[in-house]
Amino acid sequence: MTSSKRLIVGISGASGIIYAVRLLELLRETDVETHLVVSRAGEITRAHELEMDTKQLHNLADVSYAIGDVGAAISSGSFRTMGMVILPCSMKTLAEVATGVTSSLLTRAADVVLKERRRLVLMVRETPLHAIHLKNMLTVTECGGIIMPPVPAFYTMPESIDEMVTNTVCRVLDLFDIDGGQMKRWEGISNQ
């Protein structure tokens, strides 16, 4: 598999694990190989937010890693990928990425993506934000990462939560030049 066809998907403990599930579902319809790592808090969130067990979640990915497997392929810059997305991204995970502290495979993989100058997208989930959150987002941005909170696009006139989730996830995929095939795109306002 070539690097242009591998994407690391990380899940941390913030609310919104449905975004990761939808992303993995959409990527199954492409030729992109997915590499999944889920934090311990992400597993707890999965149990509260989804009617999906650990095995079902991990089966959505092509390759899945244990959070403590710091010797996994995705922990090395020599394992070429197109980058990584962490969705949802907790403030703890954001802080580890911003400071270069890698206490797990999740944050080690993100650190590797940054050091190799590959695309890193963090779908941060917290509100309201205080100065430390904002400074950590700025630090990651200055290091080349992209902060992308899950902000729904109401101009698409979504009829369901699933539509809002899908549209947001397709925006994430756009950042990797992957067409999720299900995004309602802005066509402009007609003056007629």
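You'll find the protein entered in an unreviewed UniProt entry as Flavin prenyltransferase UbiX, with Planktothrix paucivesiculata PCC 9631 given as the organism. Its UniProt record gives the protein a comment under Function (unreviewed entry), which states: "Flavin prenyltransferase that catalyzes the synthesis of the prenylated FMN cofactor (prenyl-FMN) for 4-hydroxy-3-polyprenylbenzoic acid decarboxylase UbiD. The prenyltransferase is metal-independent and links a dimethylallyl moiety from dimethylallyl monophosphate (DMAP) to the flavin N5 and C6 atoms of FMN." Taken directly from UniProt, the Catalytic activity (unreviewed entry) text for the protein runs: "dimethylallyl phosphate + FMNH2 = prenylated FMNH2 + phosphate".

Asker: An account of the overall build of the protein is needed here, citing residue identities and associated values.
Answerer: Secondary structure summary: the protein contains 7 helices and 6 strands in total. Starting at the N terminus, the α and β elements of the protein follow one another as β-α-β-α-α-β-β-α-α-β-α-β-α. Radius of gyration (C-alpha) of the protein: 16 Å, near the 16 Å computed for a compact globule of 192 residues. In terms of overall dimensions, the protein has C-alpha extents of about 60 × 40 × 35 Å along its principal axes. In the protein, 77% of the contacts between residues at least 6 apart in sequence involve partners at least 24 apart.

Asker: Describe in detail the nonpolar core, supporting the description with residues and values.
Answerer: Of all hydrophobic cores here, the largest spans 33 residues; its most connected members are L23, L36, L57, V85, L87, V172 and F176. For this core, the secondary-structure elements that each account for two or more residues are β1 (6-11), α1 (17-27), β2 (33-38), β4 (83-89), β5 (119-124) and α7 (161-174). Residue contributions to this core peak at 8 residues, all from α1. F176 has contacts with L7, M82, G83, M84, V85, R119 and V121, leaving out every residue within four places of it along the chain.

Asker: Kindly report on the sheet that holds β4, identifying the contributing residues and their values.
Answerer: Taken together, the 6 strands give an open sheet; going across it, the order is β3-β2-β1-β4-β5-β6, and neighbouring strands pair in parallel fashion. Every other strand in the sheet has two partners, leaving β3 (63-65) and β6 (146-147) as the edge strands with one partner each. Inspection of the sheet shows β5 paired to β6 by 2 bridges, in the parallel sense. Directly across from L122, in β6, lies its bridge partner I147.

Calculation rules
- Residue positions are counted from 1 within each chain, in the order its sequence is given.
- The model is predicted, so local features are restricted to residues of pLDDT at least 70 and side-chain atom pairs to those at 80 or more, both for listing and for counting; the totals for chains, interfaces and linings are taken over all residues.
- Calculation of side-chain values draws on the structure's entire complement of heavy atoms; hydrogens and water are dropped beforehand.
- UniProt positions are given in the numbering used here, feature names are shortened, and annotations may be inferred rather than shown by experiment.
- A run of H or I in DSSP becomes a helix once it reaches four residues, and a run of E becomes a strand once it reaches two; helices and strands are each numbered from the N terminus.
- Here the radius of gyration uses the C-alpha set of atoms, whereas the globule reference equals 2.2 Å times the residue count to the power 0.38.
- Whether two residues touch is decided by their heavy atoms; if any such pair falls within 4.5 Å, the residues are in contact.
- We define the nonpolar core as a collection of buried residues of types Ala, Val, Leu, Ile, Met, Phe, Trp, Tyr and Cys that are connected through side-chain atoms lying within 4.5 Å of one another.
- A 1.4 Å probe rolled over the protein chains alone gives each residue an accessible area, and that area as a share of the maximum for its type sets the label: buried under 20%, exposed over 50%, partly exposed in between.
- Strands are treated as partners if at least two bridges between them are detected by DSSP.

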